[in-house]
Amino acid sequence: MGITILLLDELDSVIHGFIPANRANHYRSSLRTGSIVRLDRFDVARVGHTYKITEHQYVIRFIPSTRVVEVQTDAPVIKMDKFMVRRYEQLQVLANTSLELPDVVGEIKSVQGSDLKNQTARSRVVVRLLIEPNMTVFMSLWDEAASAFRGLLKAGDKSQSVMLVTTVNPKLFGGNLYLNSTQGTRFFFDTSISEIAEFVSSIGATPPQDYTCVDTLERVKKKELVSIGDLNTFISNSNEQTQEADFLCKAQIIGVIQENGWFFVSCTGCHKKLEKRGTSLDCSRCATSDVTGVVRFRVELAFDDGKDSTTFVVFDKEMNKLTKQEAAVLALDEVSNGGEEYLPSCLEELAGKEFVFQIRVTPFNFTPNHRTFTVATISEASETHSENSGVDTGLEASSSGPSVLGVKISEERASGNNPGNEGAQQRRKRGRE
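Below you will find a few notes about this structure. (Residues numbered from 1 in each chain as written. Predicted model: local features only at pLDDT ≥ 70, side-chain atom pairs only at ≥ 80, totals over all residues. Heavy atoms only, no water.)

**Regarding the overall build of the chain**
Turning to step 1, where the next piece is worked out: Looking only at helices and strands, one finds 10 helices and 23 strands in the chain.
Turning to step 2, where the next piece is worked out: A burial count over the chain gives 43% of its 433 residues as buried.
Turning to step 3, where the next piece is worked out: A fraction of 69% describes how many contacts in the chain between residues 6 or more apart in sequence connect residues 24 or more apart.
Turning to step 4, where the next piece is worked out: Counting only carbon and sulfur atoms, one obtains 48% of the accessible surface of the chain, whose full area is about 23100 Å². (Helix = DSSP H or I, 4+ residues; strand = E, 2+ residues; numbered from the N terminus. Buried < 20%, exposed > 50% of the residue type's maximum accessible area, 1.4 Å probe, protein only. Contact = heavy atoms within 4.5 Å. Areas by Shrake-Rupley, 256 points an atom, 1.4 Å probe, with all protein chains shown as cover.)

**Some thoughts on the nonpolar core**
Turning to step 1, where the next piece is worked out: Counting 31 residues, the largest nonpolar core has Leu231, Trp262, Phe312, Leu347 and Ile359 as the members making the most contacts within it.
Turning to step 2, where the next piece is worked out: At 5 residues, the largest contribution of residues to this core is made by strand S16 (residues 245-257).
Turning to step 3, where the next piece is worked out: Formed by 26 residues, the second largest nonpolar core is a distinct cluster that contains Leu91, Ala95, Val125 and Leu129. (Core = buried A, V, L, I, M, F, W, Y, C linked by side-chain atoms within 4.5 Å.)

**Quick notes on the packing of aromatic side chains**
Turning to step 1, where the next piece is worked out: On inspection of all chains with the given rule, the structure shows 10 aromatic pairs.
Turning to step 2, where the next piece is worked out: Judged by centre distance (4.8 Å) and plane angle (65°), the ring pair of tryptophan 262 and phenylalanine 263 falls under edge-to-face.
Turning to step 3, where the next piece is worked out: For tryptophan 262, a relative accessible area of 0% gives the class buried.
Turning to step 4, where the next piece is worked out: Taken together, Phe303, Phe312, Phe355 and Phe357 form an aromatic cluster joined through their ring pairs. (Phe/Tyr/Trp six-rings, centres within 6.5 Å; stacked < 30°, edge-to-face > 60°.)

**Points about helix H3 (residues 143-155)**
In an α-helix, one turn spans 3.6 residues, which is why side chains three or four residues apart end up on the same side.
Turning to step 1, where the next piece is worked out: The end-to-end C-alpha distance of H3, which contains 13 residues, comes to 19 Å, matching closely the 18 Å that a straight helix rising 1.5 Å per residue would cover.
Turning to step 2, where the next piece is worked out: Regarding H3, the residues found buried are Ala145, Ala146, Ser147, Phe149, Arg150, Gly151 and Leu153.
Turning to step 3, where the next piece is worked out: Check the buried side of H3 and you find it contacts strand S7 (104-113), strand S8 (125-132), strand S9 (135-141), strand S10 (162-165), strand S13 (187-188) and strand S14 (212-215). (Expected span 1.5 Å × (residues − 1).)

**Let's talk about the sheet that holds strand S4 (residues 43-46)**
Turning to step 1, where the next piece is worked out: Pairing within the open sheet is mixed, and its 4 strands lie in the order S1-S2-S5-S4. Among the strands making up the open sheet, the edge pair consists of strand S1 (2-8) and S4. Averaged over neighbouring strand pairs, the angle between their axes works out to 30° when direction is ignored.
Turning to step 2, where the next piece is worked out: Packed on one face of the sheet, helix H1 (residues 21-28) meets S1 and strand S2 (14-20) and runs near 110° to S2. (Pairing = 2+ DSSP bridges. Axes fitted to C-alpha atoms, helices over the stretch in contact; angles between N-to-C directions.)

**Observations regarding the pattern of salt bridges**
Turning to step 1, where the next piece is worked out: Considering all chains together, one arrives at 11 salt bridges under this definition.
Turning to step 2, where the next piece is worked out: With its nearest N and O atoms 3.9 Å apart, the salt bridge here joins aspartate 12 to lysine 79. Of this pair, aspartate 12 sits in the loop between S1 and S2 while lysine 79 sits in the loop between strand S6 (67-70) and helix H2 (88-94), placing them 67 residues apart in sequence.
Turning to step 3, where the next piece is worked out: Assessed through its relative accessible area of 28%, aspartate 12 is described here as partly exposed.
Turning to step 4, where the next piece is worked out: Relative accessible area serves as the criterion here: at 51%, lysine 79 is assigned to the exposed category.
Turning to step 5, where the next piece is worked out: For aspartate 40, the salt bridge identified is with arginine 67, shortest N-O distance 3.1 Å. Here arginine 67 lies in strand S6 and aspartate 40 lies in strand S3 (residues 37-40), a separation of 27 residues in the sequence.
Turning to step 6, where the next piece is worked out: Aspartate 40 sits in the partly exposed class, given a relative accessible area of 24%.
Turning to step 7, where the next piece is worked out: Residues joined in a network through salt bridges with shared partners are Asp12, Lys79 and Lys82. (Salt bridge = Lys/Arg side-chain N within 4 Å of Asp/Glu carboxyl O.)

**Here we look at the pairing of S8**
The two faces of the sheet receive side chains in turn, since in a regular strand these alternate between them.
Turning to step 1, where the next piece is worked out: Across the 8 residues of S8, 7 count as buried, placing the element largely inside the fold.
Turning to step 2, where the next piece is worked out: Bridge count between S7 and S8: 6 bridges; the pairing is antiparallel. Along S8, the bridge assignment pairs serine 110 with arginine 128.
Turning to step 3, where the next piece is worked out: Alignment of S8 against S9, held across 7 bridges, turns out to be antiparallel. Pairing of glutamate 132 across the sheet is with methionine 135, part of S9.
Turning to step 4, where the next piece is worked out: Counted along the chain from S8 to the antiparallel partner S9, the turn is 2 residues long, and its residue asparagine 134 has a positive phi close to 65°.

**Considerations on the environment of lysine 82**
Turning to step 1, where the next piece is worked out: Note that lysine 82 resides in the loop between S6 and H2.
Turning to step 2, where the next piece is worked out: Residue class for lysine 82 comes out partly exposed when judged on its relative accessible area of 33%.
Turning to step 3, where the next piece is worked out: When the C-alpha atoms of lysine 82 and leucine 6 are compared, they prove to be 9.2 Å apart, with 76 residues separating the residues in sequence.
Turning to step 4, where the next piece is worked out: Excluding anything up to four places from it in sequence, lysine 82 contacts Leu8, Asp12 and Val14.

**As for the environment of valine 200**
Turning to step 1, where the next piece is worked out: For valine 200, the position within the fold is in helix H4 (residues 194-202).
Turning to step 2, where the next piece is worked out: The exposure class of valine 200 is partly exposed, given its relative accessible area of 31%.

**Describing unusual backbone geometry**
Turning to step 1, where the next piece is worked out: For asparagine 96, which is not glycine, the phi dihedral falls at a positive 65°.
Turning to step 2, where the next piece is worked out: Among the secondary structure elements, asparagine 96 is positioned in the loop between H2 and S7.
Turning to step 3, where the next piece is worked out: With phi around 55°, aspartate 115 is a residue other than glycine that occupies positive phi space.
Turning to step 4, where the next piece is worked out: Turning to its location among the elements, aspartate 115 is positioned in the loop between S7 and S8.

**Some remarks on the environment of glutamine 92**
Turning to step 1, where the next piece is worked out: When you line up the elements, glutamine 92 lands in helix H2.
Turning to step 2, where the next piece is worked out: Residues glutamine 92 and leucine 172, spaced 80 residues apart in sequence, show a C-alpha to C-alpha distance of 7.4 Å.

**Digging into the pairing of S10**
Turning to step 1, where the next piece is worked out: Residues Val162 and Leu164 point to one face of S10 and Met163 and Val165 to the other, with burial holding for every one of them.
Turning to step 2, where the next piece is worked out: With 2 bridges joining them, S10 and S13 adopt antiparallel strand pairing. In the strand pairing of S13, leucine 164 is matched with phenylalanine 188.

Structure below.
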C-alpha cells in the first residue's frame, strides 16, 4: 500500500508519515533512518481509527509536490527514537480491537522456533516475554521479524535479555494475551533507552538471566505414533505453552459433531472466515470492500482409539481427499433442498472408519477453552505399519512407511449450517434435542 515512516522533531514530537505506493520509488532514495530532513509541500489528514502507530491525531501524506531535502549543516539536535509503550492492562484493552500497534518492553524468558540458527529462515518464532512482575505473555514473530530476531540470536549475547519491541498487534485467545509481530516490528536492547531502564528498575535490580532456546527443527523431523491418552497427557504435563510438536495418532471415527456445522465461508484472498455484517460478508483481515468468499470444509470429528476419545478438526484439503467431494458443491444441495439442515452422506459414511492422523500441537492447544486438535494430514490405517519408521519432515512415505497426504492446514474457528444431499434426506435429517 505504501511506505510508513515515523518523523521526530526537536520538540520530541512524533508524527506518522505515509508515502503511497505510486510515489514510493520517487522518495525511497531520500529515506534514511536517522537522517535530519526538511519536509515541505505535503498534505495533512486525520489519522485513521485503526492500527495507529503514534499518539498524534494527524498524519503527513506525501503528494506529488512534496519535497524532502536532507539538512547537512546547522541541523537541530533530535532524538533518534520515541516509543509508544503500553502496559499489560492497556494491551488487554487494545487486544482484538485493531486500534493501535503499540510497543512493549519485557524480559525474554525463553525462545522457541524451528531452525533458530538460520538467519534466512522466516518461520514463526515464539518468545515468552515477562512484561510485568509475575506477568508473562507469548509473542509470535513472523516473516521479516522472525528472520531479524534469528540474526540477533546468532550474533548477540543471551544475557541481554531485556528488549523493547515495536509495533505489535495484541490478541486475546482463550483468555490469554498474545502479541503478534507486524512488518514494522523492530527490536531494541540498549539499556540507555529510558523505557528499558524503567522496566529493569520495576522488576528489581537482579542480574540478567540467560534465557533458554528450544530449536524444534530436529523434533519435527521425527513424528511419534501415540494414543489419544498420550496427546492429553502431553498437554496436561507441559509447562511451556510455547511447545509445538507433531504426533501420529491412529483412531476410529465415531461420528461428526454437528454443533458448529461442517463448513464455513472463507475469504478467497487470505482464507480467513468471513463475518456476516447485515446482508454482506466482510473480511476483518483484508482491508477492502471487494471481498469474495468460497465455501470450505471445517469438520469436527469425534474419535476413539479403544481407550480414550477426543475431537479432531479437519479442514478443506484433507476433507476433499476423504470425501472425494467439494464443500461448495455439497452446500449448494442445501439451497436446492429449501435450506433444511442435513448432514451429507459422504460425511455420515466416515463413521466406523479408521485412519492415521498427523496432529500438530500448538500453543492454542494449551489454552483452557481449546481442547480440539487440528489435523495436518491423513492416511489410511491399512496403509500404515505399526512401527512409524518411514515418516520424515517432508511427510512423504518411505518404502516401508505410511502414505501420508497433503500439507499442514491452519485452523480458523468457524461455524455454519449443515446442508444435505438428495436421495437420503429423511435418513440423514438431523435430530433436534
